[in-house]
Amino acid sequence: MASKTTLNAKNLEALGAERLAQLLIEVSTGNAAAKRKLRLALAGAQSPREAAREITKRLTSIARARSFITWKNRKALVTDLETQRRAIVEQIAPADPDEALALMWRFMALATPVFERCDDSSGTVIGIFHQACADLGQLAEKVRQDPQALAGTVLDALQDNGYGQYDGLIGIMAPALGDEGLTALKSMAEDLGCSPVPVPPKDQWKAVGWGPGGTTYEHEMRARERTSTVAMALKDIADAQGDVDGFIAQYDPKTRKVPQIAAEIAQRLLAAGRADEALGFLERAELGDGLRVPLAWQDIRLQTLEALGRGEEAQTFRWHCFERTLSDSYLRAYLKRLPDFDDIEAEERAMAHAMAYPSLLHALQFFLDWPALDRAAELLEARHDEIDGDHYEYLAPAAEALSERHPLAATLVLRAMIDFTLTRSRAKRYRYAGIGAPHIRQRLFFGAVALEAAPLGMGDGLGAGSQGRIGMPGGADQCAARPTGLAGGLADGDGGLACDGALQRGRQHRCEPQDGEAGGLVDRADPAGTRATDGVWRDPDWLLCRDNRWRPVEPGTFPLADGIPGRMGLLRGYGNAIVPPLAAEFVTAFLESLR
């Protein structure tokens, strides 16, 4: 049974309307987003028309805004847009679908002015407009607008699709357009394609770009955009009408030989039951040297061969695809179709092929995906001189996967990454050596062994009498290899290398973990139920910080609040301190790697 202080609808109802109203006024004071939601709710309580008027006012305000929105304040814009979109769908549409459709078109018109002043590197904002575009299709079906008028509106929208907000609009609107609307839209698009873009007098030409072909002018750019818009519209219309030949007609004979285009054409022909024609387009595709064949072309060719009943040829092609790409999906499909016991021999043949594959990284990834960790370890030990420490996206997962049962192979991988980091001064390359700690802790440990005693590959490149260098992580309970335990080299906290005998200046007191990373910031009033910390960091004390987030600290830690004498010096000291559990884990991992 929930406590009476738990925030839920039933407990809040018990407070009474008057008290809730007072609380809402307090909460919304100084919070523009909360005030807008309350005003919208009040308007909706009066009538859908009043709510529509409130939404219109807000959409106009957003369209007129000129301040640039960075990633730091993008969240407020996203919340505002989503609030208006949901209000249209949930408050206006049930009572007045026509008004809701008009408002949604107006909402979509915000895309261009919004993106002109917004950093949407995360794709969050465009996601809202794509959802609104999908809402358009549902609302248009309810309204049953005249197909001719709707076709004109759709074509106008497609001409203002500079940021991709209307991508897929024709397919979305196809049910509402119907055959009549699609036919009208096709005719309108063809007419648009035939109409030339007005060319201003030469002294008014505006240059918008330069390239090998010379200067590009604004009217030329508009002509290209119109041609592209019409071509894409006609292809989408053909798809909506199920007109495969109409889709093919949008590509000239030379373009149809591009493997990706040939695959798209073949896919539609195969769906229409024209497998022979589909295979013809695939066979005529120009594959060049055959080293970079699109996966889509390979997959649709396999489907086409199977549809034609040419199973043996499809099997041969599957094996060929595996040999060229080392894709585990092709190998699994190949083995699945073999008789019993034949698959075992074929799998061994595949493993041998992967071991000799020219690209070490591709072979390593295949063994990890299969999975065959013993083969991965054998590969790394046999070809350790080919390991490129720059490719951490492959090597870090490999080291983690191999750490428990194959510590030597994992150590070779870690050594390559550490060597690359130190020689190239990539101070931020390695993750935090925190072994589950709820705070950032960047440390790089070294271990030295005599050259004659070094395991395989450890002494490569070192002169006689020198010492091998092994960089080992401080990862908790992860044995000899834990890529997240590697710090970023002998460098300042900001990435600059320490030099001229200068001491490393730890700046960990400036670092703050991102949400979801080490540190486990808790954005709530009660830390209960948060992600537990690991190992020596279990059972921490939770401190509520000034940003209203809870942070875990060592039990009994004295908080260094503002005003405490020598506070910054203590913080720097804590930031540079060596945590005993980290050193202990390194020593353990280092000794185990030498066994």
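Structural data are supplied above this passage.
Chains are numbered independently. Their residues run from 1 in the order of the written sequence. Selection of residues for local features in this predicted model requires a pLDDT of at least 70, selection of side-chain atom pairs for listing and counting requires 80 or more, and totals for whole chains, interfaces and linings are taken over all residues. Just so you know, side-chain values use all the structure's heavy atoms and leave hydrogens and water out.

Caption draft 1: Just the overall build of the protein, in detail. Summing up its helical and strand segments, the protein has 24 helices and six strands in all. Categorising residues by exposure relies on relative accessible area from a 1.4 Å probe, with only protein chains included: less than 20% of the type maximum marks a residue as buried, more than 50% marks it as exposed, and the intermediate range marks it as partly exposed. Residues counted as buried form 39% of the 595 residues belonging to the protein. Expressed as a percentage of contacts within the protein between residues at least 6 apart in sequence, the contacts between residues at least 24 apart total 61%. Carbon and sulfur atoms provide 52% of the accessible area of the protein, an area that totals close to 33,000 Å². Segments assigned H or I by DSSP are reported as helices when at least four residues long, segments assigned E as strands when at least two residues long, and all are numbered from the N terminus. Whether two residues touch is decided by their heavy atoms; if any such pair falls within 4.5 Å, the residues are in contact. Accessible surface is estimated by sampling points in the Shrake-Rupley manner with a 1.4 Å probe; for residues, cover comes only from the protein chains shown.

Caption draft 2: Spotlight on the packing of aromatic side chains. Only Phe, Tyr and Trp rings take part, Trp by its six-membered ring, and two of them pair if their centres are within 6.5 Å. Stacked means planes under 30 degrees apart, edge-to-face means over 60, and tilted covers everything else. Per the counting criterion, the structure on display carries 12 aromatic pairs. With a centroid separation of 6.4 Å and 35° between ring planes, the pair formed by Trp-105 and Tyr-166 is classed as tilted. One end of the pair, Trp-105, is in helix 6 (residues 97-108); the other, Tyr-166, is in the loop between helix 9 (147-158) and helix 10 (169-194), and 61 residues separate them in sequence. What makes Tyr-166 buried here is its relative accessible area of 5%. The ring of Trp-370 has Arg-332 lying over it, and the distance from NZ or CZ to the ring centre is 4.3 Å. Charge over a ring is defined by NZ of Lys or CZ of Arg lying within 6 Å of the ring centre and within 35 degrees of the ring normal.

Caption draft 3: Structural view of the environment of Leu-380. Mapped onto the elements of the fold, Leu-380 is located in helix 20 (residues 373-382). Taking relative accessible area as the criterion, Leu-380 reaches 0% and is therefore assigned buried. As a C-alpha pair, Leu-380 and Ala-410 span 30 residues in sequence and 8.6 Å in three-dimensional space.

Caption draft 4: Highlighting the pairing of strand 2 (residues 214-217). By this definition, two strands are paired if DSSP reports at least two bridges between them. Where strand 1 (residues 207-211) lies against strand 2, four bridges are found, and the strand directions are antiparallel. Paired with Ala-207 across the bridge in strand 2 is Tyr-217.

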